Every structure is written in structure tokens, then in C-alpha cells.
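Listed below, chain by chain, are the residues.
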Amino acid sequence: MARLAARRLLYAVPLLLVVTFAVFALAAASPFDPVRAYAGTAGLSADRETLDRLAENLGADRPFTARWWEWLTSALSGDLGHSTVFRQPVADVIAERMVWSVLLCAAAFAVAVLLGTLLGVLAARRPGSLTDRAVTSAAYTLSAAPVFWIALLAVWLFALRLGLLPAGGLTDTASEAVRPGEVARHLILPAGVLALSQLPWFALYVRQGVADALAEDPVRGARARGLTERTVLLRHALRSGLLPVLTLIGSRVPELITGALLVETVFSWPGIAAATVSAATSVDFQLLAALTAFATVAVLLGNLLADLLYGLTDPRVSFHDM
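Residues numbered from 1 in each chain as written. Predicted model: local features only at pLDDT ≥ 70, side-chain atom pairs only at ≥ 80, totals over all residues. Heavy atoms only, no water.

Asks: Which parts of the structure should I look at to understand the overall build of the protein?
Replies: The number of helices and strands found in the protein is 14 helices and two strands. Looking at the protein as a whole, 38% of its 322 residues qualify as buried. Pairs at least 24 residues apart make up 71% of the contacts formed inside the protein by residues separated by at least 6 positions. Surface exposure of the protein reaches about 17,500 Å², of which carbon and sulfur atoms provide 65%. (Helix = DSSP H or I, 4+ residues; strand = E, 2+ residues; numbered from the N terminus. Buried < 20%, exposed > 50% of the residue type's maximum accessible area, 1.4 Å probe, protein only. Contact = heavy atoms within 4.5 Å. Areas by Shrake-Rupley, 256 points an atom, 1.4 Å probe, with all protein chains shown as cover.)

Asks: What exactly am I supposed to notice about the pattern of salt bridges here?
Replies: All chains considered together, the criterion is met by two salt bridges. In this structure, glutamate 96 and arginine 97 form a salt bridge, with 3.4 Å as the shortest nitrogen-oxygen distance. We classify glutamate 96 as partly exposed; its relative accessible area is 43%. A salt bridge links aspartate 132 to arginine 207; the nearest nitrogen and oxygen atoms lie 2.8 Å apart. One end of the pair, aspartate 132, is in helix H7 (residues 130–144); the other, arginine 207, is in helix H9 (residues 180–214), and 75 residues separate them in sequence. (Salt bridge = Lys/Arg side-chain N within 4 Å of Asp/Glu carboxyl O.)

Asks: Help me understand the layout of surface pockets in this model?
Replies: Sizing a probe to match a water molecule and rolling it over the atoms shows the empty space that remains. The calculated volume of the largest pocket comes to roughly 650 Å³. Those elements that place two or more of their residues in the lining of the largest pocket are helix H6 (90–125), helix H12 (243–266), helix H13 (272–281) and helix H14 (285–313). With 10 residues, the top contributor of residues to the lining of the largest pocket is H14. Class assignment for the residues of the lining of the largest pocket results in 20 nonpolar, four polar and one charged. Put simply, the second largest pocket is a space of about 560 Å³. Along its surface, the second largest pocket is lined by 23 residues, and Ala12, Val13, Leu16, Val297 and Leu300 are the ones closest to its centre. When contributions to the lining of the second largest pocket are tallied by element, the ones reaching two or more residues are helix H1 (2–29), helix H5 (64–76) and H14. The leading source of residues in the lining of the second largest pocket is H1, at 10 residues. Partitioning the lining of the second largest pocket into residue classes produces 20 nonpolar, two polar and one charged. (1 Å grid on protein atoms, 1.4 Å probe; cavity = no way out; pocket = protein on both sides within 12 Å on 5 of 7 lines; lining within 4 Å. Points joined across faces, edges and corners; volume = space filled by probe spheres on them. Nonpolar A, V, L, I, M, F, W, Y, C, P; charged D, E, K, R; others polar.)

Asks: Looking at this model, I keep getting lost on the packing of H6 against H9. Mind explaining?
Replies: To describe two helices that pack against each other, one gives the angle between their axes and the distance between the axes. It is at 4 Å that the axes of H6 and H9 come closest, and there the two elements cross at 35°. Where H6 crosses over H9, the handedness of that crossing is right-handed. Of the residues in the contact of H6 with H9, the class split is 28 nonpolar, four polar and two charged. (Axes fitted to C-alpha atoms, helices over the stretch in contact; angles between N-to-C directions. Left-handed = near helix turned anticlockwise from the far one by under 90°.)

Asks: Looking at this structure, how should I read a nonpolar patch on the surface?
Replies: Together, Phe148, Trp149, Leu152, Leu153, Trp156, Leu160 and Leu262 make up a nonpolar patch on the protein surface, roughly 740 Å² of accessible area in all. In terms of residues, the nonpolar patch owes the most to one element, helix H8 (residues 147–161), which gives six residues. Along the chain, leucine 152 falls in helix H8. (Patch = residues over 30% accessible without salt bridge, like charges linked within 9 Å, V, L, I, M, F, W, Y side chains within 5 Å.)

Asks: Explanation requested: the side chain of glutamine 88 in the structure shown.
Replies: By the element assignment, glutamine 88 lies in strand S2 (residues 88–89). Here glutamine 88 is in contact with His82, Ser83, Val93 and Glu96, once residues within four sequence places are set aside.

Asks: Mind showing me how you'd approach the nonpolar core here?
Replies: Side chains that are nonpolar tend, in soluble globular proteins, to be buried together. Of all hydrophobic cores here, the largest spans 41 residues; its most connected members are Leu104, Val193, Leu194, Phe202, Val210, Val263 and Phe267. Those elements giving two or more residues to this core turn out to be H6, H8, H9, helix H11 (229–241) and H12. At 13 residues, H9 tops the list of elements feeding residues into this core. Membership of the second largest hydrophobic core comes to 20 residues, among which are Phe24, Leu72, Val93 and Ile94. (Core = buried A, V, L, I, M, F, W, Y, C linked by side-chain atoms within 4.5 Å.)

Asks: Help me out: how do you make sense of the side chain of arginine 97 in this one?
Replies: With respect to the element layout, arginine 97 can be found in helix H6. You can call arginine 97 buried: its relative accessible area is 16%. Polar contacts involving the side chain of arginine 97 include one to the side chain of glutamate 96, which spans 3.4 Å. Not counting the four nearest positions on each side in its chain, arginine 97 is found in contact with Phe86, Pro270, Gly271, Ile272 and Ala275. (Polar contact = N/O pair within 3.5 Å; in protein donor to acceptor, adjacent residues only side chain to side chain.)

Set out below in C-alpha cells:
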């Protein structure tokens, strides 16, 4: 296990170098002007000399390779730089918003895994039944629906039409403090929408895995010994059927991050999405690089976690073969 983690760490280093370099290169080639974005409305009437002096102070007149190398060496020492759009250290920008993004993703992922497992097991118990057809049809339909469309539909139905849940934000408009109860109410819609976007894959994988396990000889033998259907399902078929889901966990992390950005934007959730959009439109090199690096690390950790779980739960798999 330790060798696998160390090997993946060695692979991650050059990948992070390439990813962050690409961020600086793409940002430098974008049509947005970081100097005018930093100056705001004052930049509309500023003369060329003032803008050139501001570009020099910001380092925007330097080649992107020099800016990337400076950011990289500072990041290795723990300094992620200063955000030009938020006018504060990049570490503070991320710390203030990361907790809300993690809360949203964790809640949505937990609901998707638990509900997807339940629906998949119900569908796999009797292949071809009405329940099986209903679950698989709903899963395929949801997998084809864009997450932002589901989010807008949820706002229209539950917030505007029925008035049951708030349409967005972290707390109520009149609130002066962040209260857990208000955060929980405001979390229901965005977390539910994000969970729905991930739910189909878990339901379909569990359904297929459990259905295949129920047809295997060990499970048939357990039935022949007179064990109840519930015992056969929970102690034999479910454990074997959930193995493919472990690999799915890591592969869903990139789409979970992408979906979270869209959901946060629709529901005005104060997470990483707003910072990402602002950094992209304002060509905030240092904040863009840090956000991209964190997203890449999250994907790599998700894949590593899936492999470790698979190796620990399946005795047929050896960590040396991964």
C-alpha cells in the first residue's frame, strides 16, 4: 500500500508541473486584460502610462514563464501568492471558500452513494421487474440531464413555485450571522441537485454488480443451504457487487468538481465557483494556478482512494499489480 501511494506521488509531481504551466500559458493567451480588471472602472479613463506602470507593479508585463516559475518556487515554500481580483492572499481566498465547497460536495456525495446503493440493490433483486425498469429508466434519464438544468428546475419548483426552500445563498437575507440551521436549509437544494447528477452512475453500477453476484455459484450455494434472501443479499451478493463501485468513486471526482462549480453558480453558494469565475475573467494567474492545482490533487487523491479501497476489499487484487 505504501509503495502504491509513493508511486502515485511521484507521478503527481510532473503532472502538477504541467497543469500549472498550462494554466499560466492559457491565461496569458486569453483576451482578458488583467490590468484593466484590477483597475476596475478607473481603468476606463486611465492613460497608457498609468496602465503600463500598474502592469509593471503587478508583474503583468513579464513573460508568463517567469511568472509561473516565480509562483511555483513561492508555492513550494508555502506562499501561494496574492490574488489581484480579491486583493488578499490566495491562501485566504481558498480557505474562506473551500469549507463551503467541501460541505456541499461531501453532503451530495454521501446522498448519491447511499441512495444509489439502495436503488441499485432494489433493482437487482428482480431483474426485469417493474422496479428494475423504473430505476434504470430514471437513472439513464438523469444521466442525460445537464446539472445546471436540474438546478434551475429545482429553483423554479421548490423555491419559486412551492416556496418550500430558499433559492440560494448561504443564509437568509436578513441574517447577520451564519447559523447551522439556516445553512442546512440552504444546503438542501444545491446538495440535492448535485447528488442527483451523481446518483445514476452509482445506481446503475450497484444494480449490475449485485445482479451479477446473485448469479454466481457461491450465492447459489448460500441459497441452497437454506439462508434467507436477506442474508444472501446483504452478506454475500452486496459485498461482491459493491466492488466495482469503489473504482467509480475515484472516476466521479472530476465530474463532481465540475458539477459543484455549476451548482454553486446557480444557487449563489459561497464556494470555490465564484472565485474560479472571477479569477478566469480577471486573469488572476496565481489564484487560477492554485485552484487548478487543488482540483488536480483532489482528482488524484480520489483515484488513489478508490484503488486502495479496491485492494483492501478484494483479496484477488494485489497492490503490487496496480
